Amino acid sequence: MDTILRQCLGIDVSKLSLSLSLGHLTNDLSKKFESHEDDSNDLTGYKTIVKWLERSLDTSVNFIIVMEATGVYHQHVAHYLYERGYDICIMQSGRVKRYAQSLDQRSKTDALDCRMLSMLGLERAPRLWHPPSLSLQELKALSRERSSLLKDRTVETNRQGALLSGVSQSARASKRHKARVKLLNLQIESIEQEMRALILEDQELKRKLCYLESIPGISFISAATIVGETLGFESVTNGKQLASYAGYDVVLREFGNFKGKTRISKKGNIYIRAALHMPSMTCVRCNPTLKAFYNRLKPNKAKPLVALVAVQRKLLILMFTLWQNEENYDADFENKKQQKHKALAAQDNNLINQFVS
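Residues numbered from 1 in each chain as written. Predicted model: local features only at pLDDT ≥ 70, side-chain atom pairs only at ≥ 80, totals over all residues. Heavy atoms only, no water.

### Observations regarding a negative patch on the surface
- Taken together, the side chains of Glu 138, Glu 145, Glu 194 and Glu 201 present a region of like negative charge at the surface.
- Put simply, the parts of the chain that give the negative patch at least two residues each are α5 (134-165) and α6 (171-201).
- Inspection of the secondary structure assignment puts Glu 145 in helix α5.
- A residue is classified by how much of its surface remains accessible, and Glu 145, at 41% relative accessible area, is partly exposed. (Patch = residues over 30% accessible without salt bridge, like charges linked within 9 Å, V, L, I, M, F, W, Y side chains within 5 Å. Areas by Shrake-Rupley, 256 points an atom, 1.4 Å probe, with all protein chains shown as cover. Salt bridge = Lys/Arg side-chain N within 4 Å of Asp/Glu carboxyl O. Lys, Arg positive; Asp, Glu negative; His and termini not counted. Charge placed at Lys NZ, Arg CZ, Asp CG, Glu CD. Helix = DSSP H or I, 4+ residues; strand = E, 2+ residues; numbered from the N terminus. Buried < 20%, exposed > 50% of the residue type's maximum accessible area, 1.4 Å probe, protein only.)

Next comes the structure, spelled out in structure tokens:
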């Protein structure tokens with residue numbers, strides 16, 4: 001009789017419905033899947049899923065639930081099932097897409113996608129998901145609201161400039177534009193005050209945010225935006241993964257006689273890249289480490305912006321390192337690192353000379 005080694009529920013999430021596929025990995029490494037009719041993406045559907053799992057699962061075997069991150073639509077079901085004691089894994093869309101391509105699956109339906117997610121959970125050992133704190137979730141919502149208002153303010157400012165540059169000018173229209181810009185400024189200021197108050201209430205978050213603010217060129221708003229968008233770097237394990245999440249991973253396209261150029265993929269969190277643009281311009285002027293890095297790269301690049309993007313990537317990884325190590329920025333870190341390597345090399349040379357003699 002086949003013995004079940006592992007169980008995984010794949011959930012394909014949409015705004016209104018959930019597609020389900022329960023997979024079982026047996027001792028002969030074969031996979032068996034059980035389908036279930038689509039449930040609604042609400043509390044009624046979540047309760048139906050739990051009842052089905054209670055009937056179908058072998059409680060003595062490891063079980064995991066895998067779903068793809070789909071904006072905000074997966075959040076309610078993920079929190080509900082996590083609170084019921086289930087292990088949850090939320091996969092980034094890029095990793096899911098690459099796994100699906102490896103299966104040579106040409107069709108794409110909700111039923112196939114949930115089965116593919118179930119298969120992924122059976123074959124791999126994905127990293128478990130834990131809900132971020134309420135403070136980080138609220139900080140992320142505030143930073144995105146602020147970003148949206150900044151875009152609206154830019155639009156209104158441009159419209160007002162175009163209106164004033166035209167031949168036919170309307171005083172009443174100009175007055176309305178100014179009123180809208182004033183309202184947007186008030187709302188942006190209010191959001192920034194809420195962000196500061198939120199962080200002041202969370203002592204742990206306040207303490208760790210100070211490490212990022214110690215970097216010359218990084219303001220409170222920039223640091224808070226990065227922490228909010230990454231939810232405190234909750235799902236990040238290394239700098240390479242973080243760069244890919246933000247769209248700073250370098251890609252190259254070459255085939256046949258065509259020789260492409262390296263560039264960043266931009267397949268990542270656009271809010272992080274937008275939040276790092278202005279700080280990077282400040283850092284190349286006042287940050288001793290990044291200034292030297294920028295001046296070294298700039299002559300070798302066709303455009304200064306390419307070197308500036310490299311500074312943004314390095315700045316993001318620096319923020320992650322300080323957050324993880326809980327350390328303040330050290331301007332002499334690079335020099336200390338080089339001196340340490342020279343000292344170790346000198347010790348090795350002395351040992352070699354002693355052994356030879």
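### Remarks on α5
- Across its 32 residues, α5 extends 47 Å between first and last C-alpha, which sits within 8% of the 46 Å expected from 1.5 Å per residue.
- On the buried face of α5, the contacting elements are α6, α7 (203-213), α8 (220-230) and α10 (270-286). (Expected span 1.5 Å × (residues − 1). Contact = heavy atoms within 4.5 Å.)

### Side note on the pattern of salt bridges
- By the definition in use, this model includes 10 salt bridges.
- The salt bridge partner of Arg 146 is Glu 192, with a shortest N-O separation of 2.9 Å. Within this pair, whereas Arg 146 is found in helix α5, its partner Glu 192 is found in helix α6, the two being separated by 46 residues in sequence.
- Assessed through its relative accessible area of 22%, Glu 192 is described here as partly exposed.
- The partner of Glu 326 in a salt bridge is Lys 208, with the nearest N and O atoms 4.0 Å apart. Here the residue Glu 326 occupies a position in the loop between α12 (304-325) and α13 (333-356), and Lys 208 occupies one in helix α7, the gap between them amounting to 118 residues.
- Taking relative accessible area as the criterion, Glu 326 reaches 36% and is therefore assigned partly exposed.
- Three or more residues are tied together by salt bridges with common partners; here these are Glu 204, Arg 207, Lys 208 and Glu 326.

### A few points about the side chain of Ser 280
- Its location among the elements puts Ser 280 in helix α10.
- If we skip the residues at most four places from it in the chain, Ser 280 touches Leu 308, Val 311, Gln 312 and Leu 315.

### Here we look at the pairing of strand β4 (residues 63-68)
- Burial analysis of β4 places five of its six residues in the buried class, the great majority of the element.
- The pairing of strand β1 (residues 4-13) with β4 spans five bridges and is parallel. Along β4, the bridge assignment pairs Gln 7 with Phe 63.
- With four bridges connecting them, β4 and strand β5 (residues 88-91) associate as parallel partners. (Pairing = 2+ DSSP bridges.)

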